[in-house]
Each structure stands twice: as structure tokens, then as C-alpha cells.
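Remarks on the overall topology
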Number of protein chains: 2
Amino acid sequence: MEKIILAKSAGFCFGVKLAVDCAYESSENELIYTYGPIIHNKNVVGDLEKYGVRCVEDIQEFKKLKKINKNFKVIIRSHGIPLEIYNEFESNNISYIDCTCPFVKKIHKIVYENYKTGKSIIIIGNKNHPEIIGINGFCNNTAIILEKYEEVVDFIENFSQELINYILVVQTTFDVNLFGEIKNVIIHKKNIKIFKTICNATNERQKEAISIAENVDIMVVLGDINSSNTQKLFSICKKKCPNTYLCEKIQDLQLNNLSKNVKIGVTAGASTPLAIIKEGLNYLNRCYQDL
Amino acid sequence: MEKIILAKSAGFCFGVKLAVDCAYESSENELIYTYGPIIHNKNVVGDLEKYGVRCVEDIQEFKKLKKINKNFKVIIRSHGIPLEIYNEFESNNISYIDCTCPFVKKIHKIVYENYKTGKSIIIIGNKNHPEIIGINGFCNNTAIILEKYEEVVDFIENFSQELINYILVVQTTFDVNLFGEIKNVIIHKKNIKIFKTICNATNERQKEAISIAENVDIMVVLGDINSSNTQKLFSICKKKCPNTYLCEKIQDLQLNNLSKNVKIGVTAGASTPLAIIKEGLNYLNRCYQDL
């Protein structure tokens, strides 16, 4: 019997991989800043610092750097940025490399075009997450942002008129099942055009995590506590396996009661580097060997 | 002594990886077309076909599909597309996912902005390559496109006036050393603003290939014969190691005279999948074992 089951979909999605690889590669010849942490993972951000890549999330700071004539490039991470930040970069002649995930770019386009033709925008997602802040910037920060099921029900019930002038998009890393429920509430009540913009990487990662969590005694979700999609993975798994733990490194986990019959499942968020996953697996294997 | 030396930088660069992964993932829920082959590799294109992903490089064809109301999305590959194709997609309401490599996008931006302010554009690269066709589309197809050293010398010498109204960009996968020579010719003669837009992945891959080719008896470059960057890798290695071979699969190579003292180096172009590289290494290992 296999003791440790690792999700195939654990770790970096291609959008994150692109941005991180781009930061490492560009740092070889140029002074590179990232607009905000490249991913929600301290290890990666810390390692990039060793290569001279610094994280700044303040347009005023970039303007100052430009004034003292520092030659640099800014990497836009996979989460994307609001339209006004693009405009600031342009008008201040700040050079950037755009690593916005193509699936997020797609949402920017949907929101921008619909907003231009007079539609109002609803975003399902976390209003503090950079992806959502970025998307909201493509409709002049006018979007209605809802995250919880209750918020959606409340919103729908308190809106007396038809919502034909609204369109709805959803954060790429949103909980697939919860979005299904939210969608059901909405389509029964209102006639809103819904764009299902959850990305497939998220879809796959969540589906696989559920099927593993259902079949193990302990489920471990590796990732940074600040990573939105990691938190969602955790709460999804917790529903299926009560002994689900979110840890930045597997070593943080207390495995006092481990016995040979215990089965452990492992998955990881989109911002968790392969090194952390590999290290985790080695650690677990050693724990079993020591029994 | 190690017999087989594999380049760390062999295979997919992150831009290519993004586009290919995006095609596979998107195909799970949607009807996907790619605008032209996603990469210059028959195996990958063939495999994607099994997942229903078809390759079309004809805007008229997309317009027809749209008319019969087919619901589909077009993936723009890492090479990018000309501005007029973006416009065609927009005006015909054809949905697309833009996987243009961020380094190519950067060139589009440089060319577009300089062209708008009245500059003329010189591109160093292969005029038939989709990346160059795409870039040229951002200056209304007016660029002067030069590829060979002699062409550049000829151009420079036959231009009597100063070239202050010109800027120069270079294909991301161009030969780094050749571009160095070309740059020397130009800066000694003319005052052109040069943007060194060769990407770091290419830079690294070529540098590593050279250092391996110098130290082996046989050098193998894995990749499709139609891949521009694979061809360049081949010609670079050939200068350092006369026994350099370009093969789509390592099995195509005749290894009749293999002996235990022969050292083989292996690298691969940006469009060569990991599976081909792994298969190649296994094959070579078996060849040595059979000696």
C-alpha cells in the first residue's frame, strides 16, 4: 500500500512559472524589480533577492528611481495590474515586462470591453487579492466585488431591478464548487451574463485534491499562508479530511502519532516551488522509515 | 568519465512551455484552435490534435467558423502575431488567449511606439519566421529585415545618410555571437538606436551548447528541422564540433562507430519536448551498455 500520495497538479501553474523564470532570467543582464512579490512565497522572493531582484509595489518609488536615472525593468507578475498602473508606467517611461497570466489578461479584456459599452461589472473573488485589484482597474474601479455565498445571496435579493446591464467574472483561482453554488443562485434570480473564468489549472488542482483528501488519514497542503489559492485548497480538503493541515514546510507538521497504517496525501498551491514539495516528500519518507 | 553530457538549458523555454501547457489545459473545456502550429514540433502538434486542438493560420477560416456560430477560442502562440491579426480577431469578435512570450511582446511595444513617433524600423532576423512577421506587423510591415552579416554590411554601406531616424531590434532567438559582429559593423558606421532583444533563454542555451560542443566527440542537437532556433544551435555547435548532428529523434542518428571512449553532448531547441530529450538519453545509455 502506498503511504504517501502526491497530487500530480501540486505546485506552480504555468502562469506563475513564467513570471518566476522570467525574473530569474532577466536578472542576469538587467536591474529587475517586481511589481509586488512575484508570488506569495517567501522562499522564492528571498532567493530572487540574492540575484538582485527587488520587490516594489509603489509607483511613486519607481518614479523616484527613474528620476535618478536608474536603468531598470519592472516585471508584472502573473496576477496582473490595474490599467492605471500600466498608464503610469507608460507616461513615466518605465520599462516593463508583462508576465500577466493569459487567463487573467482574458478577464481584463472582458471587463474592459464590457465596461466601455456601458455594462456594470460583478467580480466574484477576494477584493484584497492583487488579481482582483488588477481586474477592477479595468472598469475604473467600479466593480461590485463579492466573495462569500451569503454576500451573493444578499446582493441578489436586495437588487429589485433586472441585472441585464451587468456581467460577471470570477477570480481564476476561485473555489470551483462554491462558484457552482453561487452561479445557481444567480441564474435562478437574474439574467446576468456569466463568464466562467476560473482557470483549468485551478480546476484540476482542486478536483485532484478532493479525490486524494477523501482517501487519506492526513492531508497536507503545502504553501504560504498568504496565498489565496493555497488557503482555498486547504478549506476544500478540510471538508473531506478533518486532519488537513496547511504548512509552509512539511517539517512544521507534528507527526507524533504516525503509524505504518496512516496514509498521507500531499498537494500544494500554485505558488509553492517544486523544491518545497520534493523536500516535503523526502521528509515524509524518512518519517515512515523511522517507524 | 561521463559519456553523455546533457545541456541544462536544453528544451522548452518558459514562453513555449506557457503556450503548450495553455493549449492542453484549455482543450479540456473548450474548442481550441492555435493560430499556426503552437511550436515547430510535429510530435507536440500531433499529440494536441488528439485532444481536439486544431491548427489554423488563416483569418478567413476563422471568420467562416464564426459565421457558422462555432464557439471556440484561438491560442496565440509564443511567437506572437501581427497587429492586423489582433484587429481582425477584435473586429470579428473572435475570442483569443494571448500566449505571446513577454520578451516578444516587449519588442512589439518598442517597434509600435517608435514607429508612431516617426522612426523607421530595422529587424535583424529571419523574414519568414512568424516572430519576425509578427513584429513587422507592429510598424505596418515597413521594417527593413536583415539576417546575414553580408546583408547588414551591404545595407550600411549603401545608405549615404545618417540613420538617426532608425531603430534596430533583433529576433529573440538570434545567434548571440553573430549579433555581436553585426552590432560592431553598425555602431562604427551609423548612429542607430539598438535594442538588444535576444532573450536570455537563447543566450544561455547557446553559451552552454558551445561549451559542451568544445569538449565532446559527437554533438547532438535535438529538434525539428523547421525550428529556427534549433537550426541556429546546430550551426553554432558545428563550428566547435565537426561531428554535430541535428535530429528530430536521437534514434535517427547512426552510431555505428561508437566506442567506450567517445563522448556525446546533447542539447535541444526551445521547441523540443522533454519527452524527446529523455527518450534520447535512455537510447544513448542503452547504446553504451551494448558496447
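**Notes on helix 10 (residues 228–240) of chain A**
An α-helix turns once every 3.6 residues. As a result, residues three or four positions apart point the same way. Residues and elements named next belong to chain A. The end-to-end C-alpha separation of helix 10 is 19 Å, in line with the 18 Å expected for 13 residues at 1.5 Å each. Listed in full, the buried residues belonging to helix 10 are Ser228, Asn229, Thr230, Lys232, Leu233, Ile236 and Cys237. Those residues of helix 10 that are buried lie in contact with helix 9 (200–213), strand 10 (218–222), strand 11 (244–247) and strand 12 (264–268).

**Topic: helix 11 (residues 274–289) of chain A**
Residue and element names in this part refer to chain A. Taking 1.5 Å per residue as the helical rise, helix 11 with its 16 residues ought to reach 22 Å, and the 23 Å between its terminal C-alpha atoms agrees with that figure. Listed as buried for helix 11 are Ile276, Ile277, Gly280, Tyr283, Leu284, Cys287 and Tyr288. The arc that holds the buried residues of helix 11, viewed along the axis, is 135°, so those residues lie on one side. Facing away from the buried side of helix 11, by more than 90 degrees, are the exposed residues Leu274, Ala275, Lys278 and Gln289. Where helix 11 is buried, its residues touch strand 1 (4–6), helix 2 (42–50), strand 10 and strand 12.

**Quick word on the relation of the copies chain A and chain B**
Each copy superposes on the other: chain A lies on chain B with an RMSD of 0.0 Å after a rotation of 180° and an axial shift of 0.1 Å. Such a turn and shift between the copies fits a two-fold axis. Every residue of chain A has its C-alpha some distance from the rotation axis, and the shortest such distance is that of Leu18 of chain A, at 3.4 Å. Comparing interface residues between copies, 100% of those in chain A also lie at the interface in chain B; the contact surface is shared.

**Thoughts on the environment of Tyr96 of chain A**
Among the structural elements, Tyr96 of chain A can be located in strand 5 (residues 95–98). Separated by 64 residues in sequence, Tyr96 of chain A and Ile32 of chain A place their C-alpha atoms 9.3 Å apart. With residues near it in sequence (within four places) discarded, Tyr96 of chain A still touches Val74, Ile76, Tyr86, Phe89 and Glu90 of chain A together with Lys106 and Lys109 of chain B. Reaching out from Tyr96 of chain A, the side chain makes a polar contact with the side chain of Glu90 of chain A at a distance of 2.7 Å.

**Thoughts on the sheet that holds strand 4 (residues 73–76) of chain A**
All names here are of chain A. If you trace the four strands from one edge of the open sheet to the other, you get 3-2-4-5, paired in parallel fashion. Either end of the sheet is taken by a strand with one partner, and the two such strands are strand 3 (54–56) and strand 5. On average, adjacent strands in this sheet sit at an angle of 35° to one another, irrespective of strand direction. Where strand 4 and strand 5 come together, four bridges link them in parallel fashion. Residue pairing for strand 5: Ile75 is matched across the bridge by Ile97. Contacts from helix 3 (residues 59–67) reach strand 2 (32–35), strand 3 and strand 4, with the element oriented near 160° to strand 2.

**A short note on the sheet that holds strand 10 (residues 218–222) of chain B**
All names here are of chain B. Taken together, the four strands give an open sheet; going across it, the order is 1-12-10-11, and neighbouring strands pair in parallel fashion. Every other strand in the sheet has two partners, leaving strand 1 (4–6) and strand 11 (244–247) as the edge strands with one partner each. Averaged over all pairs of adjacent strands, the angle between strand axes in this sheet comes to 20°, irrespective of strand direction. Judged from the five bridges that link them, strand 10 and strand 12 (residues 264–268) form a sheet pairing that is parallel. For Met219, the partnering residue across the bridge sits in strand 12 and is Gly265. Lying over the sheet, helix 9 (residues 200–213) contacts strand 1, strand 10 and strand 12, oriented at roughly 165° with respect to strand 12. On top of the sheet, helix 11 (residues 274–289) reaches strand 1, strand 10 and strand 12; it is set at about 170° to strand 1, its chief contact.

**Re unusual backbone geometry**
Positioned with a positive phi, Asn93 of chain A is a non-glycine residue whose angle comes to about 60°. Along the chain, Asn93 of chain A turns up in the loop between helix 4 (83–91) and strand 5.

**Overview of the confidence of the model for chain A**
Looking at chain A, the pLDDT average stands at 91 and 98% of residues meet or exceed 70. When mean pLDDT is taken per element in chain A, helix 6 (residues 130–136) of chain A scores highest with 97 and helix 11 of chain A scores lowest with 88.

**Here's the deal with the interface of chain A and chain B**
Every contact between the two is made by 26 residues of chain A and, on the other side, 26 residues of chain B. Carbon and sulfur atoms supply 58% of the area that chain A and chain B bury against each other, a total of about 2200 Å² over both sides. Its largest share of buried area at the contact with chain B, chain A owes to Phe14, Glu25 and Asn200 of chain A, together 25% of the area lost on that side. Inspection of the chain A/chain B interface yields two salt bridges. Applying the counting criterion to the chain A and chain B interface returns twelve residue pairs in polar contact (both at pLDDT 80 or more). When residues of the side of chain A that touches chain B are traced back to their parent elements, those giving at least two are helix 1 (14–26), strand 5, helix 5 (102–116) and helix 9 of chain A.

Cut-offs and rules
Residues numbered from 1 in each chain as written. Chains lettered and ligands numbered in written order. Predicted model: local features only at pLDDT ≥ 70, side-chain atom pairs only at ≥ 80, totals over all residues. Heavy atoms only, no water. Helix = DSSP H or I, 4+ residues; strand = E, 2+ residues; numbered from the N terminus. Expected span 1.5 Å × (residues − 1). Buried < 20%, exposed > 50% of the residue type's maximum accessible area, 1.4 Å probe, protein only. Contact = heavy atoms within 4.5 Å. Arc of directions from axis to C-beta. Least-squares fit on C-alpha atoms with pLDDT ≥ 70 in both. Polar contact = N/O pair within 3.5 Å; in protein donor to acceptor, adjacent residues only side chain to side chain. Pairing = 2+ DSSP bridges. Axes fitted to C-alpha atoms, helices over the stretch in contact; angles between N-to-C directions. pLDDT = per-residue confidence, 0-100. Buried area = accessible area lost by both parts, 1.4 Å probe. Salt bridge = Lys/Arg side-chain N within 4 Å of Asp/Glu carboxyl O.

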